[in-house]
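Given next are the chains, with one letter for each unit.
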Amino acid sequence: MQIYITLDVMLAKRKVTSRDLAKHVGITEQNLSLLKSGKVKGIRFATLEKICEFLECQPGDILQYSAAEEQQSTGQAA
């Protein structure tokens with residue numbers, strides 16, 4: 001199981017800079033960069049809410065679930 005963060009895609013679609021989003025959300029650009037790269041273990045709902053509010057999107061627009069990786073690593077057939 002893997003959760004992919006597609007925040008960079010949504011930023012490009014909305015023509016918004018990471019700096020502007022970080023400022024609105026109230027987090028550092030470095031933390032936003034870590035979030036975009038998927039190097040975080042979790043995200044607060046309040047942070048997710050502010051991101052979605054600013055980008056006018058749904059959480060599903062920036063988060064993607066894939067079970068394929070887990071099945072491959074455990075040897076299970078799809």
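Here, the structure is the one placed above.
Fair warning: this is a prediction, and the values are worked out from it, not measured in the lab.

Restricting attention to buried positions, one finds in helix α4 (residues 45-55) the residues T47, L48, I51, C52 and L55. Down the axis of α4, the smallest arc covering the buried residues is 130°, so these residues share one side. In α4, the exposed positions angled more than 90 degrees off the buried face are occupied by F45, E49 and E53. Buried residues along α4 sit in contact with α1 (7-14), α2 (18-25), α3 (29-37), α5 (59-62) and β2 (63-66). Immediately downstream of α4, the backbone of E56 shows phi near 50°, a positive value.

Right, let's get into empty space enclosed by the protein. Taken as a whole and judged by the stated rule, the model has one cavity of 30 Å³ or more. Of the pockets and cavities examined, the largest cavity occupies roughly 40 Å³. In this structure, the largest cavity is lined by I5, L35, I43, L48, I51, I62 and L63. Partitioned by chemical class, the residues of the lining of the largest cavity number seven nonpolar, no polar and no charged.

This next bit is on the environment of R19. When you line up the elements, R19 lands in helix α2. Between the C-alpha atoms of R19 and E29, which are ten residues apart in sequence, the distance is 6.0 Å.

The biggest cluster of nonpolar side chains holds 16 residues, and the ones touching the most others in it are L7, L21, I51, L55 and I62. When contributions to this core are tallied by element, the ones reaching two or more residues are α1, α2, α3 and α4. Sorting elements by how many residues they give to this core places α4 first, with four residues. The residues touching I62, leaving out its near neighbours within four places in the chain, are Y4, I5, T6, L7, M10, L48, I51, C52 and C57.

Another point: the layout of surface pockets. In this model, the largest pocket occupies a volume close to 260 Å³. Taken together, 13 residues form the lining of the largest pocket, with I3, I5, V40, K41 and G42 sitting closest to its centre. Elements with a minimum of two residues in the lining of the largest pocket: β1 (2-5) and α3. Ranked by residues supplied to the lining of the largest pocket, first place goes to β1 with four residues. Tallied by class, residues from the lining of the largest pocket come to seven nonpolar, four polar and two charged.

Procedures and definitions
- Within every chain, residues take consecutive numbers counted from 1 along the sequence as written.
- Side-chain atom pairs in this predicted model are given and counted only at pLDDT of 80 or more, local residue features only at pLDDT of at least 70, and totals for whole chains, interfaces and linings cover all residues.
- In computing side-chain properties, one takes all heavy atoms of the structure into account and sets aside hydrogens as well as water.
- Only protein chains enter the accessibility calculation, which uses a 1.4 Å probe. A residue is then buried if its area is under 20% of the maximum for its type, exposed if over 50%, and partly exposed in between.
- We count a stretch as a helix when DSSP gives it H or I for four or more residues in a row; a strand needs E for two or more, and each element gets its number in order from the N terminus.
- Taking the helix axis as origin, the arc is that swept by the directions to the C-beta atoms.
- Any two residues whose heavy atoms approach within 4.5 Å at even a single point are treated as in contact.
- Whether a set of points on the 1 Å grid over the protein atoms alone is a cavity depends on a 1.4 Å probe fitting there but being unable to get out, while an open set qualifies as a pocket with protein on both sides within 12 Å along at least five of seven lines; lining residues are those with an atom within 4 Å of a point.
- Grid points are joined across faces, edges and corners, and a volume is the space filled by probe spheres set on the points.
- We call Asp, Glu, Lys and Arg charged. Ala, Val, Leu, Ile, Met, Phe, Trp, Tyr, Cys and Pro are nonpolar, and the rest, Gly among them, are polar.
- Buried Ala, Val, Leu, Ile, Met, Phe, Trp, Tyr and Cys residues that are joined via side-chain atoms within 4.5 Å together make up what is termed a nonpolar core.

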